[in-house]
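# Chains, contacts and geometry: an overview
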Amino acid sequence: MISVANRIHVKPEYHDAFEARFRERAGLVDGMPGFIANHVLRPTRDGDPFVVLTFWESHEAFEAWTTSDAFRQGHARSGTLPKDAFSGPNVLEIHEVVAR
């Protein structure tokens, strides 16, 4: 199993809109083979990023999602925030789960 953490720096005035994108998401990832769970973590300290955390059965399952039509459709339907909503580049981290 792997976890994929997408750390996204969002300016405070856009926090509500950013969270709404995930509450209203298309949900296409939910039916992807190998998908386990999706969590959106809100920062508790100013300046820290949101973390969009997904769990997958394998790296191959995650890669299949990122190259799928469902991925493109889901991201297109989730709506977009203006470029100035973000205070820096996002950072994608992939980890192998070794203990639960």
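To keep things clear, this report deals only with the structure shown in the data block. Just so we're clear, the structure is a prediction, and the values are computed from it rather than from any experiment.

## Notes on the sheet that holds strand 4 (residues 91-96)
The strand order 2-3-1-4 describes an open sheet built from 4 strands, whose pairing is antiparallel. Lying at the two open borders of the sheet, with one neighbouring strand each, are strand 2 (35-41) and strand 4. On average, each strand axis in the sheet is inclined to that of its neighbour by 15°, with strand direction left out of account. Sheet analysis places strand 1 (residues 2-8) next to strand 4, joined by 6 bridges and oriented antiparallel. For Ser-3, the partnering residue across the bridge sits in strand 4 and is His-95.

## Looking at the nonpolar core
One finds Ile-2, Val-4, Val-29, Met-32, Phe-35, Trp-56, Ala-61, Phe-62, Trp-65 and Ala-70 forming the largest nonpolar core, which totals 10 residues. Mapped onto this core, the elements with two or more residues apiece are strand 1 and helix 2 (59-66). Per-element accounting of this core gives the leading share, 3 residues, to helix 2. Look past the residues within four positions of Phe-35 in its chain and what remains in contact with it is Val-29, Asp-30, Thr-54, Phe-55 and Trp-56.

## Some remarks on the pattern of salt bridges
Close approach of charged atoms allows side chains of opposite charge to pair. Enumeration over the complete set of coordinates arrives at 5 salt bridges. Glu-19 is the partner of Arg-42 in a salt bridge, and the nearest nitrogen-oxygen pair spans 2.7 Å. Here Arg-42 is found in the loop between strand 2 and strand 3 (50-56), whereas its partner Glu-19 is found in helix 1 (residues 15-23), with 23 residues between them in sequence. Here Asp-48 and Arg-45 are joined by a salt bridge, their closest N and O atoms 3.0 Å apart. You can call Arg-45 exposed: its relative accessible area is 57%. When salt bridges with common partners are traced through the structure, they connect Glu-19, Arg-23 and Arg-42 into a single cluster.

## Remarks on helix 1
The complete set of buried residues in helix 1 reads His-15, Phe-18, Glu-19, Ala-20 and Arg-21. Packed against the buried residues of helix 1 are strand 1 and strand 3.

Parameters and conventions
- Counting restarts for each chain: residues are numbered from 1 in the order of the written sequence.
- Under the rules for a predicted model, residues below a pLDDT of 70 receive no local features and side-chain atom pairs below 80 are neither given nor counted, while totals for whole chains, interfaces and linings still include all residues.
- Processing note: side-chain calculations cover all non-hydrogen atoms of the structure and skip hydrogens and water entirely.
- Should DSSP find at least two bridges between two strands, the strands are taken to pair.
- Each helix is a run of DSSP H or I of at least 4 residues and each strand a run of E of at least 2, with the numbering of both proceeding from the N terminus.
- Here an angle of 0 to 180 degrees is reported between the N-to-C directions of two axes, which are lines fitted to C-alpha atoms, with helices fitted over the stretch in contact.
- Each nonpolar core is a collection of buried residues, namely Ala, Val, Leu, Ile, Met, Phe, Trp, Tyr and Cys, held together in the definition by side-chain atoms within 4.5 Å.
- The rule is simple: take the accessible area with a 1.4 Å probe, protein chains only, and divide by the maximum for that residue type; under 20% is buried, over 50% is exposed, in between is partly exposed.
- In what follows, residue pairs with any heavy atoms lying within 4.5 Å of each other are defined as contacts.
- Salt bridges are defined by distance alone: a side-chain nitrogen of Lys or Arg within 4 Å of a carboxyl oxygen of Asp or Glu.

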